[in-house]
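Fold and geometry: a report
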Amino acid sequence: MGIFSRAWRGDLLSGTISKRSGQLSLREQSSPLWPGSVVRFSTNHRGGGLQQSEELKVPTELGSSLDMLEYVITVGVGSLAVQQTMTMDTGSDVSWVHCNSNSTAGSPPFDPAKSATYAAFPCGAPACTQLGAEANACSNSQCQYMVRYGDGSNTTGTYGYDTLALGSDTVKGFQFGCSRVEEGFGDKTDGLMGLGGDAQSLISQTAATYGRAFSYCLPPSPGSKGFLTLGVQTSTAGFATTGMLRSEQAPTFYGVLLQGIKVGGEQLSVAPSVFSAGSVMDSGTIITRLPPTAYTSLKTAFKDGMKQYPTAPSRSILDTCFDFSGQDNVSIPTVALMFDGGAVVDLDANGIIFGSCLAFTTEPGH
């Protein structure tokens, strides 16, 4: 059994929480995490071998002080290197910062007029064409973008380029969106850093220097720091690995192949073929979605280990909830994810419970 401290609940959960009207509400910022929902991965399209490259590390932090529970990095944008704290999102490609003086960001919005190195892309520029479905026509001969996320939130503005101060390095000509209008964002971050696999992402834009490899360590609590590393780690001692899957149809996404799930140390009776479509790894989503068969089995086993607590009504998409009234500490069954190649990830208690609910659900429509 794991011990879950209710005093910490809401600070240590990985991912995003929108705080609206004094209540916590679920917000899946980028693509939801479930096998086969957005893209089917193929084991014939695994990530290739990594070439040695330079290595750059940038500190990561939990964004709870900014009214969200995703992870953030702080960078400098423009000739004046204006500090911007941005959400790390492996489930999208286009990076953007607030350029609207009415934004709720914690820092003053980026003002492109004050940067000597900023320029907007003209509408016919290759970088504008490359936006594809995220292009949003023209305005004053300048390229416009629009990104919609899985929860309905969106950002629109001008697509341009400027200097990016990233740790100890400077990236010239970094392409990003200058957001003029945002809908559905209630946090105080200054924008979003796209870490997906398509051409617009930070990973792709810095590939000539650092290669296409990156890794990150996510800090467990406010006040602690992790890291985002661009380039191949010089040491991989102590790491468990599993193969990464890619899709030619949806190059943004990084996929992995689940083989099974353990609850309370016992493996669920779910055939590995149930997970054969692959699963998107997405740092912009806090709820794990499973195929119906796997979720039903997980839910049943988890509830069997929680019989000492009364059940509670569903919360949004979460239907396995409990009443922890009067409890300072709650004992919950352990949950472990088993991946292709033998890697096993034992989830932290705060990755198993969201508020008072199991932090898993099934695919939409089921």
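See the structure shown above.
Here's what I pulled together on the structure shown here. Not measured: the values here are computed from a predicted model.

**Looking at the state of the cysteines**
- Under the defined criterion, the tally for this structure stands at four disulfides.
- Paired by a disulfide, Cys-99 and Cys-178 hold their sulfur atoms 1.9 Å apart. Here Cys-99 and Cys-178 share a disulfide; its torsion about the S-S bond, -120°, makes the bridge left-handed. Pair noted here: Cys-99 is in the loop between β7 (96-98) and β8 (119-120) and Cys-178 is in strand β12 (residues 169-183), with a separation of 79 residues, a long-range link. The same class applies to Cys-99 and to Cys-178, which are both buried.

**Structural notes on the pattern of salt bridges**
- Taken as a whole and judged by the stated rule, the model has two salt bridges.
- Here Lys-299 makes a salt bridge to Asp-319, at a shortest N to O gap of 3.7 Å. Of this pair, Lys-299 sits in helix α4 (residues 292-304) while Asp-319 sits in the loop between β21 (311-312) and β22 (321-322), and the two are 20 residues apart along the sequence.
- For Asp-319, a relative accessible area of 37% gives the class partly exposed.

**Digging into the sheet that holds strand β18 (residues 266-267)**
- Here we have four strands laid out as an open sheet, ordered β18-β17-β24-β25, and antiparallel in their pairing. On the outer flanks of this sheet lie β18 and β25 (344-346), each paired with one strand and no other.

**As for unusual backbone geometry**
- You will see that Ser-141, though not glycine, has its phi angle at about 65°, which is positive.
- Looking at the element boundaries, Ser-141 is found in the loop between β9 (135-139) and β10 (142-148).
- Residue Ser-141 is classed as exposed on the basis of its relative accessible area of 57%.
- Here Ser-316, not a glycine, exhibits a phi torsion of approximately 55°, which is positive.
- Tracing the chain through its elements places Ser-316 in the loop between β21 and β22.
- We classify Ser-316 as exposed; its relative accessible area is 62%.

About the cut-offs
Residues numbered from 1 in each chain as written. Predicted model: local features only at pLDDT ≥ 70, side-chain atom pairs only at ≥ 80, totals over all residues. Heavy atoms only, no water. Disulfide = S-S within 2.5 Å. Helix = DSSP H or I, 4+ residues; strand = E, 2+ residues; numbered from the N terminus. Buried < 20%, exposed > 50% of the residue type's maximum accessible area, 1.4 Å probe, protein only. Salt bridge = Lys/Arg side-chain N within 4 Å of Asp/Glu carboxyl O. Pairing = 2+ DSSP bridges.

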